[in-house]
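Residues per chain, in single letters:
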Amino acid sequence: MSSWSIGELATRAGMSADTLRYYEKIDLLPRALRDSGGRRRYGDADLARLLFIQRAQAMNFSLTEIGNLLHLRERPQQTRADVRRVAGEKLAQVETRLKSLRLLRNELRLLLNLCAGSEDGCPILESLDGDRR
């Protein structure tokens, strides 16, 4: 079994030691064992947990949602329906965000086209100003 200091684990996980301390504080990471000098020591399970957290963050799960997923991770067969529900809710949020981003993209394209064809004023700034003319 591996044993790393907080700095070594932070490097392996690609995050700061402050982040690890924060994750301990909010119970995403269990309290570290201490060596005889009182220094934190971490093992393979801690690294695996941090990598899980990073992958979940990349999927846009909040730290609260990640905490819930970590709890569910302890009994995956019994909590499969709950995990599917959480992932389904996240997917719905992503779909809503994508719809919003498509609308934004279309609006920006329109404004850029209007700006290119405008002789005076700036349609982009006018649009951002709203009704203030």
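To start, this report covers the structure provided alongside it. (Residues numbered from 1 in each chain as written. Predicted model: local features only at pLDDT ≥ 70, side-chain atom pairs only at ≥ 80, totals over all residues. Heavy atoms only, no water.)

**Notes on the layout of surface pockets**
When its volume is computed, the largest pocket comes out at roughly 150 Å³. What lines the largest pocket is simply Met1, Ser2, Ser3, Pro30, Arg31, Ala32, Leu33, Arg41, Tyr42, Gly43, Ala45 and Asp46. Residue composition of the lining of the largest pocket, grouped by class: six nonpolar, three polar and three charged. (1 Å grid on protein atoms, 1.4 Å probe; cavity = no way out; pocket = protein on both sides within 12 Å on 5 of 7 lines; lining within 4 Å. Points joined across faces, edges and corners; volume = space filled by probe spheres on them. Nonpolar A, V, L, I, M, F, W, Y, C, P; charged D, E, K, R; others polar.)

**Considerations on the pattern of salt bridges**
Taken as a whole, this structure holds six salt bridges when the rule is applied. One salt bridge in this structure joins Glu24 and Arg31, with 3.9 Å as the shortest N-O distance. Under the relative-accessibility criterion, Arg31 is labelled exposed at 58%. For Arg40, the salt bridge is made with Glu24, and the minimal N-O distance between the two is 3.3 Å. With Arg40 in strand S2 (residues 40–41) and Glu24 in helix H2 (residues 17–25), this residue pair connects regions lying 16 residues apart in the sequence. (Salt bridge = Lys/Arg side-chain N within 4 Å of Asp/Glu carboxyl O. Buried < 20%, exposed > 50% of the residue type's maximum accessible area, 1.4 Å probe, protein only. Helix = DSSP H or I, 4+ residues; strand = E, 2+ residues; numbered from the N terminus.)

**Description of the packing of helix H1 (residues 6–13) against H2**
Running from N to C, H1 and H2 point in directions that differ by 100°, and their axes come no closer than 8 Å. Overall, the two elements H1 and H2 adopt an arrangement that is roughly perpendicular. Packed against H1, whose contacting residues are Ile6, Leu9 and Ala10, the element H2 presents Ala17, Leu20 and Arg21 at the interface. In the contact of H1 with H2, the residues fall into five nonpolar, no polar and one charged. (Axes fitted to C-alpha atoms, helices over the stretch in contact; angles between N-to-C directions. Parallel < 35°, antiparallel > 145°, perpendicular 65-115°, else oblique. Contact = heavy atoms within 4.5 Å.)

**A short note on helix H4 (residues 63–73)**
The periodicity of an α-helix, 3.6 residues per turn, causes residues three or four positions apart to be oriented the same way. Listed in full, the buried residues belonging to H4 are Ile66, Leu69, Leu70 and Leu72. Seen along its axis, H4 keeps its buried residues to an arc of 160°; they face one direction. Of the surrounding elements, those touching the buried residues of H4 are helix H3 (44–58) and helix H5 (80–116). (Arc of directions from axis to C-beta.)

**Considerations on the environment of Ile6**
Along the chain, Ile6 falls in helix H1. You can call Ile6 buried: its relative accessible area is 14%. Residues Ile6 and Ala17 lie 11 residues apart in sequence; the distance between their C-alpha atoms is 6.0 Å. Setting aside residues no more than four positions away along its own chain, Ile6 makes contact with Ala17, Leu20, Arg21, Arg40 and Tyr42.

**Quick notes on unusual backbone geometry**
The backbone phi angle of Asp27 is positive, close to 65°, even though this residue is not glycine. Mapped onto the elements of the fold, Asp27 is located in the loop between H2 and strand S1 (33–34). Classification of Asp27 as exposed rests on a relative accessible area of 59%. A positive phi angle, close to 70°, is found at Asn60, a residue other than glycine.

**Let's talk about a positive patch on the surface**
A surface patch of like charges, here positive, comprises Lys99, Arg102, Arg105 and Arg109. For Arg102, the position within the fold is in helix H5. The class for Arg102 is partly exposed, based on a relative accessible area of 40%. (Patch = residues over 30% accessible without salt bridge, like charges linked within 9 Å, V, L, I, M, F, W, Y side chains within 5 Å. Areas by Shrake-Rupley, 256 points an atom, 1.4 Å probe, with all protein chains shown as cover. Lys, Arg positive; Asp, Glu negative; His and termini not counted. Charge placed at Lys NZ, Arg CZ, Asp CG, Glu CD.)

**Points about a negative patch on the surface**
Side chains of Glu119, Asp120, Glu126 and Asp129 sit close together on the surface and give a patch of like negative charge. Mapped onto the secondary structure, Asp120 falls in the loop between H5 and helix H6 (123–129).

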